[in-house]
Structures are given as C-alpha cells and as structure tokens.
Amino acid sequence: MKTSPHRPTKAVISLEAVVYNIEQVASRLPEGTLRMAVVKANAYGHGAVAVSHYIQGIVDAFGVSNIDEALELRESGITKDILVLGVTAYAAVSLALEHDICLTVASLDWVQELLSLGLNLEGLRVHLKVDSGMGRIGFRSATGIQEAQQALRAQGVEVEGIFTHFATADEVDTSYFVEQEQRFANLLEELEEVPALVHASNSATSIWHPETVLNMVRLGNVIYGMNPSGLALDIPFEIKAALSLESELVHVKKIASQQGVGYGKTYVSQEEEYIGTLPLGYADGWTRDMQDFEVLVDGVFCPIVGRVSMDQLTIRLPKAYPLGTKVTLIGSNGQERIDVTQVAEYRGTINYEVVCLLSDRIPRVYRK
Ligand SMILES: Cc1ncc(COP(=O)(O)O)c(C=O)c1O
C-alpha cells in the first residue's frame, strides 16, 4: 500500500519513549541479561528500520518473524544479530547464510528435509525452538533436539541458542505458566549439551516473571509502551506510549436534525449538529467497529458517528472548529488521553493488534 504523506493523518512515534521503556525493563533484570528487541511486523507498526537504528546501541539482537523482515534490517545497515522467530522456507536458507541471519529450527522434519537438499550450511547460525506448551512450533522432546543438534553440527551449523515461548505469562493465573516453565527446564536437563543462549522471556515474562529470564529476553510489546496484559495486570514501573495517531478536520458542517450520516444511515442527528470529517478509515486500520468510540478534538472527547468508511470517518463536534484542527485518535490532546489499550478493549481485541493493523498508508513521523 502506498504511504500517503500529503494527507494530514500520521502516526507520531517517540523513539525516546522506546529507549526509555527498554531501560525501564532491562534495569530490573539480572545484570548481564542480553536484550533482544522484537521488531517484527514493522516493529508492531512503529517502523522496524527507524526503531532498530535508534535502539541498536542499547540492545544485543533483533527478533523478526521472517527472513524478509530480517533482510530489510540488514539492507538498511543493521549489523547486530537478527533472529528469525518463525519457520524459514528451505529455499531462503542460503539468504540467511549470506546475510548472517540466525534462523529458528523448530522440528527434526525441517532439519532432515533441509539436509536432504545437500546445501553447504557451514557457518549457518540457529536457535532451537522448544514447544513447552504454546502449541505452535517447536520440538516437544529432548531426543528430537539431540538428533537435530547432531545432524546440524555435522554440517558445520552453529547451534547458538535454545528457546521457548509462554502462552499465559500475561495472565493473573500462573498455573499454566509454571507448567510450561517446568517442561522447558526438564527438557534442558535431559540434553547432553545445552546451547550457550537460553531464552524464554517475552515482555510479560520479563515484567511479571523475572526469575525466568535465563540469559536473554525477547522484548516486544512493552518497548513500544504498551501493557502486554491489557488491563489484567499492572506494570510495576512507568512506561511511555511510543505511538500517537493524529489527523485533522478536513471538512466541518452544520446539519439539521434528522439527517443521516455515513453508509447505511446508521446515525441520524437528533438536533442541529456539527459534523467533522477525518481522512482515515478502515483501510488505515481504523476498523468499522470503531463507530461510537471517541476521538479528541481540542482536549474534548467527540464520538465517531456513522459507519467508518474505507478512507474517511465522521465525528460529532460540540461546535464549529476550523479546518485543519488537530484530532487525536490515540495519544494525548489537551488534558485528555486515549490509550491504545482502550481502543483495543472497545474493539474486543489486544493492543498488539491495534498498532499492527495501522496500515502502510499512514506515514510514521519520528520525534526524537
Ligand atoms: C517467539 C516470540 N518471542 C517474543 C515475542 C515478543 O512478545 P511481546 O511482544 O509480548 O514481548 C513474540 C511476539 O509475539 C514471539 O512470538
């Protein structure tokens, strides 16, 4: 999708907030804990290249979801370690070798298939993924890991790390977390040789289970200033939201009572009302279910009225505002604030999804 910098809708990103959040989490972890910044999905919508360049001095590695995201970082000049967290297609493994990108190995089947291709894998770096209960990807037995390790090492592959991922680290009930933790610990005990890097902590684990940190953390959500649990758990230290979503009034009118607004005429004015139009819609990731939620104009909450269209939405204003008046959809405006988690709660989803869905049409503007 084409970015639209000439339209007055933008995501304003504070890179300083990202730095602040990393320091806030990391300063509470055991000394020497390595930091991987998870910048997949375009750094959760914040812009992977800009974020990675700004924080590369205070992190040890980057985590991405696939080889193309890793290549984007390498091509932009990032030289730190990059780990692809998902499964990589065999045809792309040589790209990983060529660009010194570390891959996740998640099954013996994958290893055997890769080795059957007869590629020169000398120097390829990998981390082994353990499925301790997430149920997505990863080895579920020590014997599979041993076999994979041996086969990979025989081909000159460097098995640098082993890791797992928790399904419920952001929940009040810790019983399944403890089960997963135990399974991972048992599996590590069974291994004849444990790779040097052992990691299990995403944001939630780093915040609420610091005893599980091992020697590296993989920090995503929290570095962007969001609470990974939504509203379930309090973060015991301050974080700063890194992203604001801003737009402007591009059209303002006074309508009479009983006038329909938007597709389906789902809103009808009850009296004479001022209606403002904003240049963003569901194609920007501001989904249709945001009807009746609020935005901030001049420090005042104003409801979204009528259906959200693909490229525009309409709000009810308390008075006539000039064209070009700033409107905040996420962030602070005057004395008021709309947090991304409120947006997520309204939409029945998680804050992760709200920021990841902000489309490429919205320019990301960086405030240092
Ligand atoms: C394997 C893995 N590690 C770490 C993370 C980062 O998680 P969070 O954003 O909750 O910190 C993710 C994100 O989904 C992940 O899939």
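Refer to the structure printed above.
Criteria and cut-off values
- Residues numbered from 1 in each chain as written.
- Predicted model: local features only at pLDDT ≥ 70, side-chain atom pairs only at ≥ 80, totals over all residues.
- Heavy atoms only, no water.
- Near = heavy atom within 4 Å.
- Polar contact = N/O pair within 3.5 Å; in protein donor to acceptor, adjacent residues only side chain to side chain.
- Areas by Shrake-Rupley, 256 points an atom, 1.4 Å probe, with all protein chains shown as cover.
- 1 Å grid on protein atoms, 1.4 Å probe; cavity = no way out; pocket = protein on both sides within 12 Å on 5 of 7 lines; lining within 4 Å.
- Sits in = over half its atoms within 2 Å of the grid points.
- Pairing = 2+ DSSP bridges.
- Helix = DSSP H or I, 4+ residues; strand = E, 2+ residues; numbered from the N terminus.
- Axes fitted to C-alpha atoms, helices over the stretch in contact; angles between N-to-C directions.
- Buried < 20%, exposed > 50% of the residue type's maximum accessible area, 1.4 Å probe, protein only.
- Contact = heavy atoms within 4.5 Å.
- Core = buried A, V, L, I, M, F, W, Y, C linked by side-chain atoms within 4.5 Å.
- Points joined across faces, edges and corners; volume = space filled by probe spheres on them.
- Nonpolar A, V, L, I, M, F, W, Y, C, P; charged D, E, K, R; others polar.

### Some thoughts on the site of the ligand
Thinking step 1. Near the ligand, the surroundings consist of Val38, Lys40, Tyr44, Arg136, His165, Asn202, Ser203, Arg218, Gly220, Asn221 and Tyr352.
Thinking step 2. Taking Ser203, its side chain carries an N or O atom lying 2.5 Å from an oxygen atom of the ligand.
Thinking step 3. Contact distances for the ligand include 2.5 Å between an oxygen atom and a side-chain N or O atom of Tyr352.
Thinking step 4. Isolated, the ligand exposes 390 Å² of accessible area, and the fraction of that covered by the protein chains is 92%.
Thinking step 5. When each cavity is represented as a set of grid points, the ligand is found to reside in the largest pocket.

### Let's talk about the sheet that holds strand E14 (residues 273–278)
Thinking step 1. The strand order across the open sheet built from three strands is E11-E14-E17, with neighbouring strands paired in antiparallel fashion. Edge positions in the sheet fall to strand E11 (251–255) and strand E17 (313–317), since each has one partner strand and no second. Strand-to-strand, the axes of this sheet are offset by a mean angle of 30°, without reference to chain direction.
Thinking step 2. Of the pairings in the sheet, the one linking E11 to E14 comprises five bridges and is antiparallel in character.

### Focus: the sheet that holds strand E2 (residues 34–38)
Pairing between sheet strands relies on hydrogen bonds along the backbone, with the strands arranged either parallel or antiparallel.
Thinking step 1. Read across the sheet, eight strands follow the order E4-E3-E2-E9-E8-E7-E6-E5 without closing on themselves; strand pairing throughout is parallel. Because the sheet does not close on itself, it has two edges, and the strands there are strand E4 (81–84) and strand E5 (103–105). Shown here is a sheet whose adjacent strand axes are inclined to one another by a mean of 30°, direction ignored.
Thinking step 2. Looking at chain direction, strand E6 (residues 125–130) and strand E7 (residues 158–164) are connected through six bridges and run parallel. Looking at E7, one finds that Val130 is bridged to Thr164.

### Re the side chain of Ser269
Thinking step 1. For Ser269, the location among the structural elements is in the loop between strand E13 (267–268) and E14.
Thinking step 2. A residue is classified by how much of its surface remains accessible, and Ser269, at 0% relative accessible area, is buried.
Thinking step 3. A polar contact of 2.7 Å, which involves the side chain of Ser269, links it to the backbone oxygen of Ala256.
Thinking step 4. Those residues in contact with Ser269 that lie beyond four places of it in its chain are Ile255, Ala256, Ser257, Gln258 and Gln259.

### With respect to the nonpolar core
Thinking step 1. Core analysis: the largest hydrophobic core is formed by 110 residues, its most contacted members being Ile55, Leu103, Trp286 and Ile315.
Thinking step 2. Here the element with the most residues in this core is helix H1 (residues 15–26); it accounts for six residues.
Thinking step 3. Residues within four places of Ile315 in sequence aside, it is in contact with Leu249, Tyr274, Ile275, Gly276, Leu278, Val295, Val297, Cys302, Pro303, Ile304 and Val305.
Thinking step 4. Of all hydrophobic cores here, the second largest spans five residues; its members include Ile255, Tyr267, Ile275 and Val305.

### Remarks on the layout of surface pockets
Thinking step 1. Taken as a whole, the largest pocket encloses approximately 620 Å³ of empty space.
Thinking step 2. If you go around the largest pocket, you meet 34 residues; those closest to its centre are Lys40, Arg136, His165, Asn202 and Tyr352.
Thinking step 3. Of all elements in the fold, only helix H2 (40–44), helix H9 (203–208), strand E9 (216–219), helix H10 (340–347) and helix H11 (351–356) reach the threshold of two or more residues within the lining of the largest pocket.
Thinking step 4. Ranked by residues supplied to the lining of the largest pocket, first place goes to H10 with three residues.
Thinking step 5. Of the residues assigned to the lining of the largest pocket, the class counts are 15 nonpolar, 13 polar and six charged.
Thinking step 6. Looking at the second largest pocket, its volume works out to about 150 Å³.
Thinking step 7. Residue lining of the second largest pocket: Thr3, Asn42, Gly47, Ala48, Val49, Ala50, Glu72, Asp360, Ile362, Pro363, Arg364 and Tyr366, and that is the complete set.
Thinking step 8. Where the lining of the second largest pocket is concerned, the elements lending two or more residues are helix H3 (48–55) and strand E20 (364–367).
Thinking step 9. Here the lining of the second largest pocket takes three residues from H3, the largest share from any one element.
Thinking step 10. Grouping the constituent residues of the lining of the second largest pocket by class yields six nonpolar, three polar and three charged.

### Focus: the pairing of strand E18 (residues 326–333)
Thinking step 1. Burial analysis of E18 places six of its eight residues in the buried class, which makes it a mostly covered element.
Thinking step 2. As judged from the four bridges shared by strand E10 (residues 243–248) and E18, these two strands associate in the antiparallel manner. Bridge pairing in E18 places Ser247 opposite Val327.
Thinking step 3. The sheet contact formed by strand E15 (residues 294–297) and E18 spans two bridges and is antiparallel. Paired with Val297 across the two strands is Val327, which belongs to E18.
Thinking step 4. Across three bridges, E18 lies against strand E19 (residues 336–338) in antiparallel orientation. Residue pairing in the sheet places Ser332 in a bridge with Arg337 of E19.
Thinking step 5. Two successive antiparallel strands, E18 and E19, enclose a turn made up of two residues, where Gly334 displays a positive phi of approximately 65°.

### Topic: helix H4 (residues 67–75)
Thinking step 1. Looking at H4, one finds that the buried residues are Ile67, Glu69, Ala70, Leu71, Leu73 and Arg74.
Thinking step 2. Close packing links the buried residues of H4 with H2, H3, strand E3 (61–64), E4, helix H5 (93–98) and E5.
Thinking step 3. Just past H4, the residue Gly77 takes up positive phi, approximately 105°.

### Structural notes on the environment of Val252
Thinking step 1. Here Val252 shows up in strand E11.
Thinking step 2. Sequence separation between Val252 and Arg316 is 64 residues; the distance between their C-alpha atoms is 9.6 Å.
Thinking step 3. In this structure Val252 touches Ile275, Gly276, Leu317, Ala320, Tyr321 and Leu323, once residues within four positions along its chain are discounted.

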